[in-house]
Amino acid sequence: MPVLIAACAFAMTLVGGVVAQRIGDRRHLVLGLAAGLMLGVVGFDLLPEALQTQPRVVFGVPSALLMFVAGFLALHIIERSVAIHRAHEGEYAPHAHGHGHAHDPVKGIGITAAAALVGHSVMDGFAIGAAFQAGNTVGIVVAIAVVAHDFADGFNTYTITRMYGNGRRRAQMLLGADAIAPVAGAAVTLAFTIPSGALGLYLGFFAGFLLYLATSDILPEAHSPHPSTSTLLCTVAGTGIMWLVIGLAD
């Protein structure tokens, strides 16, 4: 049953990626929605789960929150280093458009972010398998949340990869990996278990990574060509959708 449910997550991830590919001129709405979904995942899912699975406190601060800040700063340092390098060359462009080509390190940021989303999808598969070990009712509730939010994962994987100048083929390959990830995670649940403490640290780090992408890259990109109320409403709607999905899971 966990693998069958994960197969539904596989399909929803692909649907999210297809929607991101075909949205056309409404890209600013897509980016606004993606940012809202990511903010919702960070605030309503990843951070609470990280704090619960890793309660250790270091110098008065939960270690999961230290990793959250570390994830945010890690991506900020990487991106600013690329910006300084390109500024010296007089040609820095964090988002390649038209006939320009993004610098390889910039493309690497998109690939790294997409790879992190793939890793998160593997954890989704683990979550489905572990929930079914606790009972069918728990498993079904968790599966509903995972399948719904894997649409957002597919959407974000394709959008982020393309936004950093990577080609369509590479974005589709990462989308495929993201779709397969929950199936693989569910399939190996009984053979491999991540220690809860390490999982909490990973979730905290990943939350900081996503928050940086949402607030420093995706939202500015969404509002630069179309600073409209509709884009803002899409962002608010994205957070509301994730609140609803996670609320239903509880």
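Thresholds, definitions, all that
- Residues numbered from 1 in each chain as written.
- Predicted model: local features only at pLDDT ≥ 70, side-chain atom pairs only at ≥ 80, totals over all residues.
- Heavy atoms only, no water.
- UniProt positions renumbered as here; feature names shortened; annotations may be inferred.
- Patch = residues over 30% accessible without salt bridge, like charges linked within 9 Å, V, L, I, M, F, W, Y side chains within 5 Å.
- Areas by Shrake-Rupley, 256 points an atom, 1.4 Å probe, with all protein chains shown as cover.
- Salt bridge = Lys/Arg side-chain N within 4 Å of Asp/Glu carboxyl O.
- Helix = DSSP H or I, 4+ residues; strand = E, 2+ residues; numbered from the N terminus.
- Buried < 20%, exposed > 50% of the residue type's maximum accessible area, 1.4 Å probe, protein only.
- Expected span 1.5 Å × (residues − 1).
- Arc of directions from axis to C-beta.
- Core = buried A, V, L, I, M, F, W, Y, C linked by side-chain atoms within 4.5 Å.
- Contact = heavy atoms within 4.5 Å.
- Phe/Tyr/Trp six-rings, centres within 6.5 Å; stacked < 30°, edge-to-face > 60°.
- Axes fitted to C-alpha atoms, helices over the stretch in contact; angles between N-to-C directions.
- Parallel < 35°, antiparallel > 145°, perpendicular 65-115°, else oblique.
- Left-handed = near helix turned anticlockwise from the far one by under 90°.
- Nonpolar A, V, L, I, M, F, W, Y, C, P; charged D, E, K, R; others polar.

- Where an unreviewed UniProt entry is consulted, the chain appears under the name Zinc transporter, ZIP family, with the organism given as Actinacidiphila paucisporea.
- Note on the chain: under the UniProt heading Subcellular location (unreviewed entry), the record states "Membrane".

**Re a nonpolar patch on the surface**
- On the surface, Val-69, Leu-73 and Ile-77 cluster together into a nonpolar patch covering about 260 Å² of accessible area.
- Structurally, Ile-77 can be placed in helix H3 (residues 63–89).

**Structural notes on unusual backbone geometry**
- Notably, Phe-59 is not glycine yet its phi reads approximately 50 degrees, a positive angle.
- Checked against the element boundaries, Phe-59 lands in the loop between strand E1 (57–58) and strand E2 (61–62).
- The exposure class of Phe-59 is exposed, given its relative accessible area of 85%.

**Quick look at helix H1 (residues 2–22)**
- End to end, H1 covers 31 Å across 21 residues, agreeing with the expected 30 Å (1.5 Å per residue, within 8%).
- Within H1, burial applies to Ile-5, Ala-6, Ala-9, Thr-13, Gly-16, Gly-17 and Ala-20. Take H1 and look down its axis: the buried residues cluster within an arc of 130 degrees, on one side only. Turned more than 90 degrees away from the buried face of H1, the exposed residues are Leu-4 and Arg-22.

**What to know about the nonpolar core**
- With 32 residues, the main nonpolar core has Met-38, Leu-46, Ile-160, Leu-210 and Leu-213 as its most contacted residues.
- Of all elements in the fold, only helix H2 (27–53), H3, helix H4 (104–134), helix H7 (196–223) and helix H8 (229–249) reach the threshold of two or more residues within this core.
- Considering each element in turn, this core owes the most residues, 12 residues, to H7.
- Apart from the residues within four sequence positions on either side, Leu-210 is in contact with Met-38, Val-41, Val-42, Leu-46 and Leu-117.

**Some details on the packing of aromatic side chains**
- A complete count under the given rule lists 2 aromatic pairs for this structure.
- Taking the centre distance of 6.3 Å and the plane angle of 40 degrees together, the rings of Phe-44 and Trp-243 count as tilted. Here the residue Phe-44 occupies a position in helix H2, and Trp-243 occupies one in helix H8, the gap between them amounting to 199 residues.
- Looking at Trp-243, the relative accessible area reads 62%, which means it is exposed.

**Concerning the packing of H1 against helix H6 (residues 168–187)**
- Two elements in contact, H1 and H6, have axes separated by 7 Å at closest approach and are oriented at 160 degrees. On the basis of their axis angle, the class for H1 and H6 is roughly antiparallel. For the element pair H1 and H6, the recorded crossing hand is right-handed. Of H6, the residues touching H1 (which contributes Pro-2, Val-3, Ala-6, Ala-7, Ala-9, Phe-10, Thr-13, Leu-14, Gly-17, Val-18 and Gln-21) are Arg-168, Gln-172, Leu-175, Asp-178, Ala-179, Ile-180, Pro-182, Val-183, Ala-186 and Ala-187.
- Residues of the contact of H1 with H6, tallied by class, amount to 15 nonpolar, 4 polar and 2 charged.

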